[in-house]
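Reading the structure
Chain by chain, the residues:
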Amino acid sequence: MPGISVIVPAYNAEKYLKNCVESVRNQTFQDWELLIVDDGSKDRTREIAMECAAGDDRVRVLRKKNGGVSSARNLGLREAKGEYIAFLDADDRYECRCLETLWSAMEQSGADTAACAHLNLYANGAKSVELVLPAGVYDREGIRNGIVYPLVGDRLSLPLFNGFIWRYLYSASIIRENKIAFEGAYLEDDLFLMEYFCNAEKLVVTEEPLYRYFLNPSSVTHRYMADFLQVFRRFMERKTELVERYGLAEARPQWRENSNWSGLLIAIGNEYAKGNPRTVRERQKAVEALCAQPEMKQAIDAITPAGLSGNKQMVANLVKGRHFFILTQLYRLKNRI
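Residues numbered from 1 in each chain as written. Predicted model: local features only at pLDDT ≥ 70, side-chain atom pairs only at ≥ 80, totals over all residues. Heavy atoms only, no water.

With respect to a nonpolar patch on the surface
On the surface, M314, F325, I326 and L330 cluster together to form a nonpolar patch covering roughly 380 Å² of accessible area. Here the element with the most residues in the nonpolar patch is helix α13 (residues 324-335); it accounts for three residues. (Patch = residues over 30% accessible without salt bridge, like charges linked within 9 Å, V, L, I, M, F, W, Y side chains within 5 Å. Areas by Shrake-Rupley, 256 points an atom, 1.4 Å probe, with all protein chains shown as cover. Salt bridge = Lys/Arg side-chain N within 4 Å of Asp/Glu carboxyl O. Helix = DSSP H or I, 4+ residues; strand = E, 2+ residues; numbered from the N terminus.)

This is the structure in structure tokens:
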């Protein structure tokens, strides 16, 4: 049994996959297996993955019909043999000491999970370090206060806790015993983290940026999603199930309104994305209808967002005041639509 199973979902990743795999091969910790899950790629991803696996039995290539990153990660979880699980996106890389640092931190602290900071790498060459939490060891209460509750109901203030799943080394037994899996094409990481950390006992955190996150302008988070509202509603259904199962509402009584406001801001940005085939006027009408839906109207009436980033705060203010024409004109200028 390998110590760590690294799961890499890959879809049309021919430009990045070799460097990604090399960052695993170059780890100072070598007791790993690498599962490359080809999610029905149409380019040379599978061919490159097979080349990477040649002569190294620690690398396995799994292939499936295209179904999205959640189904790819789930296949990796089903096939993983390691004591611990790590995730790595095909267009990102590990620093060479990533796995060793996380493994050693767990051994020294007796934790079942470890986390590291990551390095944001922007297309213009800029860099920034983003922490999970301050360095230290967190018990169940600390985990809930530091990770679970912010994911449940702190989505409208800075600093925002990002639900990136690849910053952690997970216990495979916790995942399997609680049947934790991914679902959906968007926001799936938040739910996975919420459920996992409702079951984890102890987390050790380092502030070393051991993961290199390349912000890819062509990623799913930057493209128009025609079914976003359907995806978000399913997300809220699953989030409600988790909140009820683990008794999280008491700590964040307005979690639903907070989450709906956050989803509304994403939905509005999605509506004005360049790939949307609707006319500008049709987009404005769609946003007005979205804000009039009962769950969204309740959120708008109940909460006045404050402390968001500049652009999001402006959008929130305009939505709160129902200034939809001005909102549309600002997006029209910003996105050149």
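Some remarks on the pairing of strand β4 (residues 84-87)
Neither face of β4 is exposed, since Y84 and A86 on one face and I85 and F87 on the opposite face are all buried. In terms of strand pairing, strand β1 (residues 4-10) meets β4 through four bridges, oriented parallel. Bridging from a neighbouring strand, I7 pairs with F87 of β4. In the sheet, β4 pairs with strand β9 (residues 168-171) via three bridges, with the strands oriented antiparallel. Bridged to A86 within β9 is L169. (Buried < 20%, exposed > 50% of the residue type's maximum accessible area, 1.4 Å probe, protein only. Pairing = 2+ DSSP bridges.)

Quick word on helix α8 (residues 228-245)
Between its first and last C-alpha, α8 extends 26 Å over 18 residues, near the 26 Å set by a 1.5 Å rise per residue. All of the buried residues along α8 are F228, V231, F232, F235, M236, R238, K239, T240, L242 and V243. G247 occupies a position one or two residues after α8 and carries a positive phi of about 60 degrees. (Expected span 1.5 Å × (residues − 1).)

Some remarks on the pattern of salt bridges
Per the stated rule, a full pass over the model turns up 25 salt bridges. D154 serves as the salt-bridge partner of R252, at 2.8 Å between the closest nitrogen and oxygen. In this pair, R252 sits in the loop between α8 and α9 (255-271) while D154 sits in the loop between α5 (140-153) and β9, placing the two residues 98 residues apart along the sequence. Judged by relative accessible area, R252 falls into the partly exposed class, the value being 22%. Between E195 and R245 there is a salt bridge; the shortest N-O distance is 2.9 Å. Taken together, the residues E195 in helix α7 (residues 188-197) and R245 in helix α8 connect sequence positions 50 residues apart.

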